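Fold and contact review
Below are the chains, spelled out letter by letter.
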Amino acid sequence: MKTKMRLPALVNTAVVFLMTTANAFAASTSKVFVSKMGILLFLGFCALVLVVQLIPALITLYGMLKGIGKEQEKSPSRVKGH
């Protein structure tokens, strides 16, 4: 019988404890941070990464298109006559 009474007592204790805790206050947002140079450097770095990755992709695409053109030249269609 004691174990049945302990569970509600623990729940009530936890609820009372959680209700008495202090509110959390957010930080003040009155300060405005301006970092134009930092943003420009970050965006420039992102653009640099994209360009560096674009160069091998274009070289690969050129090679694939060149290979497709050579395959069509090698195997012309033959017409069999009767």
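Everything quoted here is computed from the prediction, not taken from an experiment. (Residues numbered from 1 in each chain as written. Predicted model: local features only at pLDDT ≥ 70, side-chain atom pairs only at ≥ 80, totals over all residues. Heavy atoms only, no water.)

**What about the overall build of the protein chain?**
Quick note on the threshold: A run of H or I in DSSP becomes a helix once it reaches four residues, and a run of E becomes a strand once it reaches two; helices and strands are each numbered from the N terminus. Only protein chains enter the calculation, and the probe is 1.4 Å; a residue is then buried if its accessible area is under 20% of its type maximum, exposed if over 50%, and partly exposed in between. In this description, accessible areas are obtained by the Shrake-Rupley approach with a 1.4 Å probe, and a residue is regarded as covered only by the protein chains that are shown.
Counting its secondary structure elements, the protein chain contains two helices and zero strands. Across the 82 residues that make up the protein chain, the buried fraction comes to 0%. Looking at the protein chain as shown, the accessible area adds up to about 8,700 Å², and 71% of this sits on carbon and sulfur atoms.

**A short note on a nonpolar patch on the surface**
Rules: Each patch is built from residues lacking any salt bridge and having more than 30% relative accessible area; the joining distance is 9 Å for like charges and 5 Å for nonpolar side chains (Val, Leu, Ile, Met, Phe, Trp, Tyr). One side-chain nitrogen of Lys or Arg within 4 Å of one carboxyl oxygen of Asp or Glu is enough to make a salt bridge.
Taken together, the side chains of Leu54, Leu58, Leu61, Met64, Leu65 and Ile68 define a hydrophobic patch exposed on the protein surface, amounting to about 590 Å² of accessible area. Topologically, Leu58 is positioned in helix 2 (residues 36–74).

**Quick look at the UniProt feature "transmembrane region" (unreviewed entry) in the protein chain**
Let me state the cut-off plainly: UniProt positions are given in the numbering used here, feature names are shortened, and annotations may be inferred rather than shown by experiment.
Sites flagged by UniProt as "transmembrane region" (unreviewed entry) map to residues 42–65. Span residues 42–65 is 100% helix and 0% strand, its end C-alpha atoms 35 Å apart.

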